[in-house]
Amino acid sequence: MNWDQIEGNWKQIKGEAQAQWGKLTNDDLDVAAGNREMLVGKLQERYGYAKEEAEKEVDSFIAKH
């Protein structure tokens, strides 16, 4: 699944993102709203990841879909 499809299906995928990254709140995921860069930023904020690490996390999540 590409990122455009993720954005389009964000409401369905949001629950899976919450399960993957339990430290992200519903508000965090609502703010991200399927925006890759926002999601990367929220992962950095909540988990203390470096940008590259957060991007790898997101890419790995996307690869599952």
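In the block above lies the structure referred to throughout.
Since we're looking at a predicted model, the values are computed, not measured.

Chemist: Which residues make up the overall build of the protein, and what values do they have?
Modeler: Helix and strand counts for the protein come out as 5 helices and 0 strands. Scanning the protein from its N terminus toward the C terminus, one meets helices and strands in the order α-α-α-α-α. Since a compact globule built from 65 residues should have a radius of gyration of about 11 Å, the 10 Å found for the protein is in line with a globular shape. Taken along its principal axes, the extent of the C-alpha atoms in the protein is 25 × 20 × 20 Å. The buried share among the 65 residues of the protein stands at 31%. Partitioning the intrachain contacts of the protein with sequence separation of at least 6 by distance along the chain shows that 37% fall at a separation of at least 24. Distance from the positive charge centre (9 side chains) to the negative charge centre (13 side chains) of the protein: 3 Å.

Chemist: Which residues make up helix 2 (residues 10–20), and what values go with them?
Modeler: Those residues of helix 2 that fall on the buried side of the exposure criterion are Trp10, Ile13 and Ala17. For helix 2, the arc enclosing every buried residue in end-on projection is 70°, short of the 170-degree limit, so these residues lie on one face. Projecting away from the buried face of helix 2 at angles above 90 degrees are the exposed residues Lys11, Gln12 and Ala19. In this structure, the buried side of helix 2 is in contact with helix 1 (3–8), helix 3 (26–32), helix 4 (36–47) and helix 5 (51–63).

Basis of the calculations
- Residues numbered from 1 in each chain as written.
- Predicted model: local features only at pLDDT ≥ 70, side-chain atom pairs only at ≥ 80, totals over all residues.
- Heavy atoms only, no water.
- Helix = DSSP H or I, 4+ residues; strand = E, 2+ residues; numbered from the N terminus.
- Rg over C-alpha atoms; globule rule 2.2 N^0.38 Å.
- Buried < 20%, exposed > 50% of the residue type's maximum accessible area, 1.4 Å probe, protein only.
- Contact = heavy atoms within 4.5 Å.
- Lys, Arg positive; Asp, Glu negative; His and termini not counted.
- Charge placed at Lys NZ, Arg CZ, Asp CG, Glu CD.
- Arc of directions from axis to C-beta.

In short, shape yes, function no, at least from these values alone.
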